[in-house]
Amino acid sequence: MYLAYVDDSARSMKKKTRFQVLTALVMKDEHFRFTEAMVGVSVLALIPEDRISNFEEFKACELYGGYAVFEGIPQDRRFRVITALLHRVRDQKMPLVYGVVDIDKLKTGLYGSANPLDIAFRICAHGIEKCIKEIDPDQFALIISDQCCPVKS
């Protein structure tokens, strides 16, 4: 079995954006425990002790940009963690699948009132299905997502 971890871009962005992006990291279930531990240890090792209580959820954009709990942490330290995490994705051959909706273009089309997040999810889910068929046709993927709030377009 495979696990597909899905998250959307809007949840971690503070500004309005033209694109709704939803991405999934697909991994074999047997790789989950080590990967989760690696992410937890790597990220928590960076966060100063006085900010641990403020940490709720790992957001790659905050790690990359040095925002929120990662504010003030030198870029080279943050980027070493990012590199290690990306090496894990590469070494375990974890595919990334995504769905993107151009919100401005959507509004002018036949389905202009549709929810961009819903459309991006459907595109991404279709991509996950196609990916699994290509890499391991006898398997399936369980899609795991956090609580998604509707995107107001």
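Right, let's walk through the structure included here. What you see is a predicted model; the values in this text were computed from it and never measured. (Residues numbered from 1 in each chain as written. Predicted model: local features only at pLDDT ≥ 70, side-chain atom pairs only at ≥ 80, totals over all residues. Heavy atoms only, no water.)

**Here we look at the overall build of the protein chain**
Here is step 1 of the chain: Looking only at helices and strands, one finds five helices and four strands in the protein chain.
Here is step 2 of the chain: Summarising its shape, the C-alpha atoms of the protein chain cover approximately 50 × 40 × 25 Å along the three principal directions.
Here is step 3 of the chain: Looking at the protein chain residue by residue over its 153 residues, the buried ones come to 31%.
Here is step 4 of the chain: For the protein chain, restricting intrachain contacts to residue pairs at least 6 apart in sequence, the fraction spanning at least 24 positions comes to 64%.
Here is step 5 of the chain: Split by element, the accessible area of the protein chain, about 10100 Å² in all, is 56% carbon and sulfur. (Helix = DSSP H or I, 4+ residues; strand = E, 2+ residues; numbered from the N terminus. Buried < 20%, exposed > 50% of the residue type's maximum accessible area, 1.4 Å probe, protein only. Contact = heavy atoms within 4.5 Å. Areas by Shrake-Rupley, 256 points an atom, 1.4 Å probe, with all protein chains shown as cover.)

**Describing the packing of aromatic side chains**
Here is step 1 of the chain: This structure, assessed with the given rule, holds two aromatic pairs.
Here is step 2 of the chain: For the ring pair Tyr-5 and Phe-32, a centre distance of 5.9 Å and an interplane angle of 15° mean the geometry is stacked. In this pair, Tyr-5 is assigned in strand S1 (residues 2-8) and Phe-32 in helix H1 (residues 32-46), connecting sequence segments 27 residues apart.
Here is step 3 of the chain: On the basis of relative accessible area, Phe-32 is assigned to the partly exposed category, the value being 26%.
Here is step 4 of the chain: An angle of 15° between the planes, with centres 5.2 Å apart, marks the rings of Tyr-64 and Phe-79 as stacked. Of this pair, Tyr-64 sits in helix H2 (residues 60-65) while Phe-79 sits in helix H3 (residues 75-91); the two residues are 15 residues apart in sequence, bridging distant segments of the chain. (Phe/Tyr/Trp six-rings, centres within 6.5 Å; stacked < 30°, edge-to-face > 60°.)

**So, unusual backbone geometry**
For residues besides glycine, phi is generally negative; the peptide bonds are generally trans as well.
Here is step 1 of the chain: The phi dihedral of Ala-68 is positive, around 50°, even though this residue is not glycine.
Here is step 2 of the chain: For Ala-68, a relative accessible area of 43% corresponds to the partly exposed category.
Here is step 3 of the chain: Even without a glycine there, the phi angle at Lys-93 is positive, about 50°.
Here is step 4 of the chain: Checked against the element boundaries, Lys-93 lands in the loop between H3 and strand S3 (96-102).

**Focus: the packing of H1 against H3**
Here is step 1 of the chain: The N-to-C vectors of H1 and H3 enclose an angle of 175°; their axes lie 10 Å apart at closest approach. In terms of axis orientation, H1 runs roughly antiparallel to H3. Judged by residue contacts, Phe-34, Thr-35, Met-38, Val-39, Ser-42, Ala-45 and Leu-46 of H1 engage Arg-77, Arg-78, Val-81, Ala-84, Leu-85 and Arg-88 from H3. (Axes fitted to C-alpha atoms, helices over the stretch in contact; angles between N-to-C directions. Parallel < 35°, antiparallel > 145°, perpendicular 65-115°, else oblique.)

**A look at H3**
Here is step 1 of the chain: The end-to-end C-alpha distance of H3, which contains 17 residues, comes to 24 Å, matching closely the 24 Å that a straight helix rising 1.5 Å per residue would cover.
Here is step 2 of the chain: Residues of H3 that are buried sit in contact with strand S2 (19-28), H1 and H2.
Here is step 3 of the chain: Backbone geometry just downstream of H3 places Lys-93 in the positive-phi region, at approximately 50°. (Expected span 1.5 Å × (residues − 1).)

**A few points about the state of the cysteines**
Here is step 1 of the chain: Under the definition given, this model contains zero disulfides.
Here is step 2 of the chain: Not part of a disulfide, Cys-124 finds its nearest cysteine sulfur in Cys-131, a span of 10 Å.
Here is step 3 of the chain: Cys-131 gets classed as buried once you look at its relative accessible area, which sits at 12%. (Disulfide = S-S within 2.5 Å.)

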